[in-house]
Amino acid sequence: MRLSLSLLLLFGAWAIPGGLGDRAPLTATAPQLDDEEKYSTHMPSHLRCDACRAVAYQMWQNLAEAETKLHSPNSGGQRELSESVYLDVLDRSCSRNWQDYGVREVDQVKHLTGPGLSEGREPSISVMVTGGPWPTRLSRTCFHYLGEFGEDQIYEAHQQGRGALEALLCGGPHGACSEEMSNAREEL
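The name an unreviewed UniProt entry gives the protein chain is Marginal zone B and B1 cell specific protein, with Saimiri boliviensis boliviensis as the organism.

Chemist: Quick question: what am I supposed to make of the layout of surface pockets here?
Modeler: When its volume is computed, the largest pocket comes out at roughly 420 Å³. Arg 48, His 144, Tyr 145, Glu 148 and Ala 176 are the residues nearest the centre of the largest pocket, which is lined by 19 residues in total. Tallying contributions element by element places helix 5 (residues 134-149) first for the lining of the largest pocket, with seven residues. Partitioning the lining of the largest pocket into residue classes produces eight nonpolar, seven polar and four charged.

Chemist: How do you make sense of the state of the cysteines when you look at a structure like this?
Modeler: Throughout this description, disulfide means a covalent bond between two cysteine sulfur atoms. What the rule picks out here adds up to three disulfides. What pairs with Cys 49 in a disulfide is Cys 177, and their sulfur atoms sit 1.9 Å apart. Looking down the S-S bond of the Cys 49 and Cys 177 bridge, the torsion is 105°, so its handedness is right-handed. One end of the pair, Cys 49, is in helix 3 (residues 48-70); the other, Cys 177, is in the loop between helix 7 (162-170) and helix 8 (179-187), with 128 residues separating them in the sequence. Judged by its relative accessible area of 29%, Cys 177 falls in the partly exposed class. Paired by a disulfide, Cys 94 and Cys 142 hold their sulfur atoms 2.0 Å apart.

Chemist: Help me understand helix 5 in this model?
Modeler: It helps to recall that an α-helix has 3.6 residues per turn; residues three or four apart then point in one direction. In this model, helix 5 (16 residues) spans 23 Å end to end at C-alpha, consistent with the 22 Å of a helix rising 1.5 Å per residue. Along helix 5, the positions that sit buried rather than exposed are Trp 134, Pro 135, Arg 137, Leu 138, Ser 139, Thr 141, Cys 142, Tyr 145, Leu 146 and Phe 149. Just downstream of helix 5 lies Gly 150, where phi reads positive at about 85°.

Chemist: It is not clear to me how the pattern of salt bridges should be interpreted in this structure. Could you clarify?
Modeler: Where charged atoms from two side chains of opposite charge approach closely, those side chains can pair. According to the stated counting rule, one finds five salt bridges in the structure shown. Notably, a salt bridge pairs Asp 50 with Arg 53, separated by 3.6 Å at the nearest N-O pair. Of this pair, Asp 50 and Arg 53 both sit in helix 3, separated by three residues, roughly a single helical turn. Here Asp 50 falls in the buried class, since its relative accessible area comes to 9%. Accessibility expressed as a relative area gives 9% for Arg 53, which makes it buried. Among the salt bridges present, the one from Asp 100 reaches Arg 96, with a minimum N-O distance of 3.4 Å. Each of the salt bridges in this network shares a partner with another, and the network as a whole consists of Asp 50, Arg 53 and Glu 166.

Chemist: Help me out: how do you make sense of helix 4 (residues 83-95) in this one?
Modeler: For helix 4, which comprises 13 residues, the first-to-last C-alpha distance of 18 Å matches the rise-based estimate of 18 Å (1.5 Å per residue) to within 8%. Looking at the buried side of helix 4, the elements it contacts are helix 3, helix 5 and helix 6 (151-160).

Chemist: Got a minute to help me understand the sheet that holds strand 2 (residues 109-113) in this structure?
Modeler: Two orientations exist for strands paired in a sheet by backbone hydrogen bonds: parallel and antiparallel. In spatial order, the strands read 2-1-3; together these three strands make up an open sheet with antiparallel pairing. The two strands at the open ends of the sheet, each matched to only one other strand, are strand 2 and strand 3 (128-130). Strand-to-strand twist across the sheet, computed as the mean angle between neighbouring axes with direction ignored, equals 25°. Relative to strand 2, strand 1 (residues 102-106) is paired through five bridges, and the arrangement is antiparallel. Bridge pairing in strand 2 links Gly 102 to Thr 113.

Chemist: I'm lost on the packing of helix 3 against helix 6 in this one. Help?
Modeler: Angle between the axes and distance between the axes: these two values describe a pair of packed helices. The geometry of helix 3 relative to helix 6 is characterised by a closest axis approach of 10 Å and an angle of 75° between their N-to-C directions. Judged on the interaxial angle alone, helix 6 and helix 3 are roughly perpendicular. Across the interface between the two elements, Met 59, Trp 60, Leu 63, Ala 64 and Glu 67 from helix 3 touch Ile 154, Tyr 155 and His 158 from helix 6. Of the residues assigned to the contact of helix 3 with helix 6, the class counts are six nonpolar, one polar and one charged.

Cut-offs and rules
Residues numbered from 1 in each chain as written. Predicted model: local features only at pLDDT ≥ 70, side-chain atom pairs only at ≥ 80, totals over all residues. Heavy atoms only, no water. 1 Å grid on protein atoms, 1.4 Å probe; cavity = no way out; pocket = protein on both sides within 12 Å on 5 of 7 lines; lining within 4 Å. Points joined across faces, edges and corners; volume = space filled by probe spheres on them. Helix = DSSP H or I, 4+ residues; strand = E, 2+ residues; numbered from the N terminus. Nonpolar A, V, L, I, M, F, W, Y, C, P; charged D, E, K, R; others polar. Disulfide = S-S within 2.5 Å. Buried < 20%, exposed > 50% of the residue type's maximum accessible area, 1.4 Å probe, protein only. Expected span 1.5 Å × (residues − 1). Salt bridge = Lys/Arg side-chain N within 4 Å of Asp/Glu carboxyl O. Contact = heavy atoms within 4.5 Å. Pairing = 2+ DSSP bridges. Axes fitted to C-alpha atoms, helices over the stretch in contact; angles between N-to-C directions. Parallel < 35°, antiparallel > 145°, perpendicular 65-115°, else oblique.

Given below as structure tokens:
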């Protein structure tokens, strides 16, 4: 008797309007990458803001983790890293395995996706393309910022918070996420 009642409830849900059977099937396709996205050794211009934000997140995350490890009950609350430690942490941040980042397309717009890049509503289903050229591009982008700003300036910004670090690397009039750069990308 219990089995037939369970089956009736299960099959009944498919027949009731608004039940499980009325849901539209979920579908997703892999992003269609153009030649630049597939073959270029450089980060495509329309993904540079996302790449910068990913790099800023990883630098911030790794520095914060190193500070937490440094902080012990006997340290008296001192969490500042020595220069040699933050140089090493930043170098390792750029040398890390970037395999957890990739590209996905939502509403015909491609974005990098991965830790630190979530913004607002996530699609119910999507396909992310990882591996390939993305880890190398992200590593090169990271080393580019180390060379452009220097470890000291990056660590100082980190000490002011994640937002300050992202603003340093990605903001400013010529930064990867600036309005001016966004307009230049649209003109291409």
